[in-house]
Amino acid sequence: MTSEAITTVEAYLEALGARDMERVLSHFAPDATWTIPGDPALTPWAGSRTGPEEIRQSLTAFFAAVEPLAFELGTMVEADGRVLAPGRYASRFHPSGHVLESEMILRFTVADGLISDYRVFEDSLGITRTHLGEPLALPAIKR
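Analysis parameters
Residues numbered from 1 in each chain as written. Predicted model: local features only at pLDDT ≥ 70, side-chain atom pairs only at ≥ 80, totals over all residues. Heavy atoms only, no water. Phe/Tyr/Trp six-rings, centres within 6.5 Å; stacked < 30°, edge-to-face > 60°. Helix = DSSP H or I, 4+ residues; strand = E, 2+ residues; numbered from the N terminus. Buried < 20%, exposed > 50% of the residue type's maximum accessible area, 1.4 Å probe, protein only. Salt bridge = Lys/Arg side-chain N within 4 Å of Asp/Glu carboxyl O.

A. Here's a closer look at the packing of aromatic side chains. Scanning all chains against the criterion turns up ten aromatic pairs. Taking 5.5 Å as the distance between ring centres and 90° as the angle between the ring planes, the aromatic pair formed by Tyr12 and Phe28 counts as edge-to-face. Pair noted here: Tyr12 is in helix H1 (residues 4-17) and Phe28 is in strand S1 (residues 28-36), with a separation of 16 residues, a long-range link. As far as the burial class goes, Tyr12 and Phe28 line up, both buried. Each ring, one from Phe108 and one from Tyr118, has its centre 5.0 Å from the other, and the planes form 45°; the classification is tilted. In this pair, Phe108 sits in strand S6 (residues 99-111) while Tyr118 sits in strand S7 (residues 114-122), placing the two residues ten residues apart along the sequence. You'll find Phe108 and Tyr118 in the same group, each marked buried.

Printed below as a string of structure tokens:
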């Protein structure tokens, strides 16, 4: 049997995949926190946000800069309203046009059928470099 928290997360992910902003936002509590690692000066969707309007700003920047190519979600695990969702994705970042394939874990806290906290754990340096069109591999250190 699927928990209410996992059902909420699944509905959010379906809305996100459809890029349906209003449906996405309907899954968040009014004081929800949204945290995506990274420097918002370099990747405008990164950083910490609170509430639907700030989340909308992050998503608007994300939708403009990130073209999803593949998304694979692993088995979600829930305990006491906290849901962990591991997965893999491939995305093309604009304006660079470069593609990044990476793993991630999404962590949700759900209460009363709404997401109250959302955090992404992913390769924020890889995302920033791909978004900016910088090489991912660091040069070898000569000794």
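That was the structure; now back to the text.
B. Broad picture of the pattern of salt bridges. What the rule picks out here adds up to nine salt bridges. Here Glu53 ties to Arg56 by a salt bridge, and the two come within 3.3 Å at their closest N and O atoms. Here the residue Glu53 and the residue Arg56 both occupy positions in helix H3 (residues 51-65), the gap between them amounting to three residues, near one helical turn. The salt bridge partner of Glu67 is Arg92, with a shortest N-O separation of 3.5 Å.

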